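# Structural characterization, general
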Amino acid sequence: MAERNTTTGKKESKPKGTRGAKAKDEAPKTPAKRGRPRKDKSAEAAVPEKEPVDENGVRLYDPKKVEGDMPFSFDSEYSQAEPAASAEPLASAEPAASAEPVSSDEPEATFVTAQDRLVPVQEEEPAAYVDNAFAFVPEEAPASAGTPAMEMPFDREEPVAASSGGEVDFDRAFEPVSSLSDTASDLEAGSLGSSSAFSDRREVEFELAQERIDSKMRTLVESQRTFFNTNQTRDVSFRILQLKKLYRAIQDNEELLTAALQKDLAKSAYESYVTEIGLVLHEISYVIRHLRKWARPRKCRADLHLFPARFSVSPEPLGVSLIMSTWNYPILLSLGPIVSSISAGNTVILKTSEYAVETNNALKAMLEKTFNSSYLAVVQGGYTENHALLEQHFDFIFFTGSQNVGRIVMSSAARFLTPVCLELGGKSPCIVDSSANLEIAARRIVWGKFLNAGQTCVAPDYVLVDRGVKDKLVDLMKGEILRQFGEKPLENKDYPKIINERRFVHLSTLCPKAEMDFVTNKISPTIMDLGDMNGREAGDAEVMQEEIFGPLLPVLSFDNINAAMAYVSAKPVPLSLYIFSTNADNIRRVTRELRFGGGCVNDVVYHLASSKVPFGGAGESGMGCYHGVYGFETFSHKKSVLIQSPKTDMRIRYSPYTDKMLSLLKKIMR
């Protein structure tokens, strides 16, 4: 008898009798004719996952091995070698043929606690560390018997003192180090012989040190080029994985990076995140979301005279890139270009500034722990390292710094026809006309100018204000300084300091009346009223002859907007320009008729904080741009490929030519 199934509503028949029920139970089950076939769980368990996932849920990249590819891993480079008992200290980057090879079984270094995350800990003192292709003996490591102790081949040199010409970055970065050119008057009589002999010896030592660093840089560039030629960086999934690793590394070491910025520039945790760490994290997440779309080949139709062909335009990586950053925003101006270079599929060598020592050390340790030096390497130092790097053949150079050093970088790149992107400085004007909201203008100008104690390349360098509202604007700005920094800005723990004593002394000569603290290297926010922009005081003021790069704000007056525009256009092209106005005609004229890298209307500095628009200079303030897709394109080459049909052909392209063919061709190509 049939019973109704309560789930499906269909009638089901029972087998009659015990024999029928037993036959149904023992009958082999056949797969259903409809729907998906049943999965074989045992076979599925035997197949490993194609895309493994790490402990944090991030998909790991496992490229297919190709015969002849160079082995590569992202293990920590702080690895401890196990030399043989009779092994002698390594004397050079290229060991002799008779030297015993370093054991490849290297235990990874451990990193302790969140606070000391970046400090490698070794249980035993190693006889030698191996850094990719470079081997060196630590200073404290004892030399083996009968072998003279080897000095560190790449000892850090003293910071190079810059000239007092007003330039901020690397002003004397390409001059010999002063410690290598001491005079005989500084020596004890007879200690090293004559002054000429000592000078010759120091010159020889300098040349040997330069040769050693040249060799190291050459080997580093070659190792990165070798890895780039494996084509792993062309895979978009590989790039996204590296960006995720960088994002996670920044988050894990945020406290250490903040503490380093506090030591170098006395930045508060809030300002460090808002102006550096937070902007880098936002840039990484924005690039990750859009990278696959940017890297996708773009198809387009060919012209009629190329029928029936079509085109494919593909962005491809340039190769080995050199990024030279500066000290005023050492995290943002180092990691920002790195994000653009990684997204485009390049390998990176980062040269940090020698002035932000603590931040550079934290960055170096973080990046070396996260990436292999054949993919992303960090180089520290001064003149010798800069010179050695610029002697190498790179595929792209990205430089942030002063105009003087930008010229040196560009001339060095010209020897290899290497493309460059230069992010330079300049005197960025801020124009305030009579229609402006003066309260808002004063508040935003004070914030943007004295951010990072004025050590910002896009900060308003001077204010041009309509004569009729000048006194009111100056009073409002003084009130804003009091409101934002307190009655005693030098005692404000959130107010940054000047990077070093040399810069502090130079700024003090520009405005001796400013309040200063010679112990903490802090200079109080100062407004300098220089009168009319065409007056003698403004023309003779040293502060108007160079980019200030400090907490000094000159204010000049103008009679009409035409005079202000003529004053700005007569000077070199600035990196940024700002105008505060509610007059649509004035805004249109200033933004369209004046040349500048980028800027704001009724605001300052904020245009730098977006990943959706390009940031870069023009004219004397630089060339090229980055941020978001513009950074991806800067570090990429657009390769076009014509795809022609192998079947269809046009007779019009081949000889013998006729007048009829020429007439037809003129109609097609008009």
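Residues numbered from 1 in each chain as written. Predicted model: local features only at pLDDT ≥ 70, side-chain atom pairs only at ≥ 80, totals over all residues. Heavy atoms only, no water.

### Some remarks on the overall build of the protein chain
Helix and strand content of the protein chain: 18 helices and 23 strands. Per-residue burial for the protein chain yields a buried fraction of 47% across its 670 residues. Taking all contacts inside the protein chain whose residues are at least 6 apart in sequence as the whole, residues at least 24 apart take part in 73%. Carbon and sulfur atoms make up 52% of the accessible area of the protein chain, which totals about 35700 Å². (Helix = DSSP H or I, 4+ residues; strand = E, 2+ residues; numbered from the N terminus. Buried < 20%, exposed > 50% of the residue type's maximum accessible area, 1.4 Å probe, protein only. Contact = heavy atoms within 4.5 Å. Areas by Shrake-Rupley, 256 points an atom, 1.4 Å probe, with all protein chains shown as cover.)

### Examining the pairing of strand β13 (residues 420-423)
Judged by which residues are buried, β13 turns out to be covered on both faces: Val 420 and Leu 422 on one side and Cys 421 and Glu 423 on the other are all buried. Where strand β12 (residues 396-400) lies against β13, four bridges are found, and the strand directions are parallel. Across the sheet, residue Phe 399 finds its bridge partner in β13, namely Leu 422. Where β13 lies against strand β22 (residues 622-623), two bridges are found, and the strand directions are antiparallel. Bridge pairing in β22 links Glu 423 to Gly 622. (Pairing = 2+ DSSP bridges.)

### Some details on the nonpolar core
If you look at the biggest cluster of nonpolar residues, it comprises 118 residues, and the most contacted ones within it are Leu 246, Ile 250, Leu 335, Ile 338, Leu 367, Val 432 and Leu 464. Counting residues per element, this core draws most heavily on helix α6 (residues 269-295), at nine residues. Not counting residues up to four positions away in its chain, the partners in contact with Leu 246 are Ile 284, Leu 335, Ile 338, Val 339, Met 366, Leu 367 and Phe 371. Core analysis: the next-biggest nonpolar cluster, separate from the first, contains 22 residues, Ile 213, Leu 220, Ala 377 and Ala 413 among them. (Core = buried A, V, L, I, M, F, W, Y, C linked by side-chain atoms within 4.5 Å.)

### So, the sheet that holds strand β19 (residues 552-558)
What the six strands build is an open sheet, ordered β18-β19-β15-β14-β20-β21; its pairing is parallel. Two strands in the sheet have a free side with no partner beyond their single neighbour: β18 (526-532) and β21 (598-601). Across this sheet, the average inter-strand angle for adjacent strands is 20°, counted without regard to direction. Both strand β14 (residues 429-432) and strand β20 (residues 576-580) contribute to a ladder of three bridges, which runs parallel. (Axes fitted to C-alpha atoms, helices over the stretch in contact; angles between N-to-C directions.)

### Quick look at helix α13 (residues 501-510)
Count 3.6 residues to each turn of an α-helix, and residues three or four apart come out pointing the same way. With seven of 10 residues buried, α13 lies mostly within the body of the structure. On its buried side, α13 packs onto β16 (516-517), β17 (522-523), β18 and β19.

### Description of the confidence of the model for the protein chain
This prediction gives the protein chain a mean pLDDT of 79; 70% of its residues lie at or above 70. Contacts from residues 41-50, a stretch scored under 50 in pLDDT, to residues over four places away or in other chains number one contact. Note that residues 58-193 has pLDDT below 50 and, in this model, 226 contacts with residues that lie over four places away or in other chains. (pLDDT = per-residue confidence, 0-100.)

### Considering the environment of Ala 541
Among the secondary structure elements, Ala 541 is positioned in the loop between α14 (536-540) and β19. Given a relative accessible area of 14%, Ala 541 falls into the buried group.

### A word on the pattern of salt bridges
Taken as a whole, this structure holds 17 salt bridges when the rule is applied. With a closest N to O distance of 2.8 Å, Lys 364 and Glu 368 form a salt bridge. In this pair, Lys 364 and Glu 368 are both assigned in helix α8 (residues 357-370), four residues apart and thus about one turn of the helix distant. Residue Glu 368 is classed as buried on the basis of its relative accessible area, which comes to 13%. Notably, a salt bridge pairs Arg 415 with Glu 391, separated by 3.5 Å at the nearest N-O pair. Of this pair, Arg 415 sits in the loop between α10 (403-414) and β13 while Glu 391 sits in the loop between α9 (383-390) and β12, and the two are 24 residues apart along the sequence. On the basis of relative accessibility, which here comes to 36%, the residue Glu 391 falls in the partly exposed class. Among the ionic contacts, a cluster of salt bridges with common partners joins Arg 234, Glu 316 and Lys 639. (Salt bridge = Lys/Arg side-chain N within 4 Å of Asp/Glu carboxyl O.)

### Focus: the packing of α6 against helix α7 (residues 332-344)
Two numbers describe how α6 lies on α7: the axes approach to 9 Å, and their chain directions differ by 10°. Considered as vectors, α6 and α7 are oriented roughly parallel to each other. Along its contact with α6, which presents Thr 275, Glu 276, Leu 279, Val 280, Glu 283, Ile 284, Val 287 and Leu 291, the element α7 presents Leu 332, Leu 335, Val 339, Ser 340 and Ser 343. Of the residues contributing to the contact of α6 with α7, the split by class is eight nonpolar, three polar and two charged. (Parallel < 35°, antiparallel > 145°, perpendicular 65-115°, else oblique. Nonpolar A, V, L, I, M, F, W, Y, C, P; charged D, E, K, R; others polar.)

### Focus: the sheet that holds β13
Taking strand neighbours across the sheet as the criterion, the six strands line up as β11-β10-β9-β12-β13-β22 in an open arrangement whose pairing is mixed. Unpaired on one side and paired on the other, β11 (376-379) and β22 mark the two borders of the sheet. Summarising the sheet, strand β9 (residues 320-324) and β12 pair through four bridges and their orientation is parallel. Each bridged residue has a counterpart across the sheet, and for Ile 323 the counterpart in β12 is Phe 398. The strands touched by α7 are β9, β10 (347-351), β11 and β12; relative to β10, the strand with the most contacts, the crossing angle is about 165°.

### A word on a negative patch on the surface
Taken together, the side chains of Asp 200, Glu 203, Glu 207 and Glu 211 present a region of like negative charge at the surface. Mapped onto the fold, Glu 203 is located in helix α3 (residues 195-228). (Patch = residues over 30% accessible without salt bridge, like charges linked within 9 Å, V, L, I, M, F, W, Y side chains within 5 Å. Lys, Arg positive; Asp, Glu negative; His and termini not counted. Charge placed at Lys NZ, Arg CZ, Asp CG, Glu CD.)

### Section: the side chain of Thr 400
Take Thr 400: it is sitting in strand β12. Not counting the four nearest positions on each side in its chain, Thr 400 is found in contact with Met 324, Ser 325, Thr 326, Leu 333 and Glu 423.

### Examining the packing of aromatic side chains
For the coordinates displayed, the defined rule picks out 16 aromatic pairs. For the ring pair Phe 227 and Tyr 375, a centre distance of 5.9 Å and an interplane angle of 85° mean the geometry is edge-to-face. Here Phe 227, found in helix α3, pairs with Tyr 375, found in the loop between α8 and β11; they are 148 residues apart in sequence, far enough to count as distant. In this structure, Phe 227 and Tyr 375 share a single accessibility class: buried. When the centroid spacing of 5.7 Å and the interplanar angle of 80° are considered together, the rings of Trp 327 and Phe 549 count as edge-to-face. Remark: Phe 549 occurs in the loop between α14 and β19 and Trp 327 occurs in the loop between β9 and α7; sequence separation between them is 222 residues. In this structure Trp 327 comes out as buried when scored by relative accessible area, which is 0%. Ring pairing ties together the aromatic residues Phe 396, Phe 398, Phe 615, Tyr 626 and Phe 635, which thus form one cluster. (Phe/Tyr/Trp six-rings, centres within 6.5 Å; stacked < 30°, edge-to-face > 60°.)

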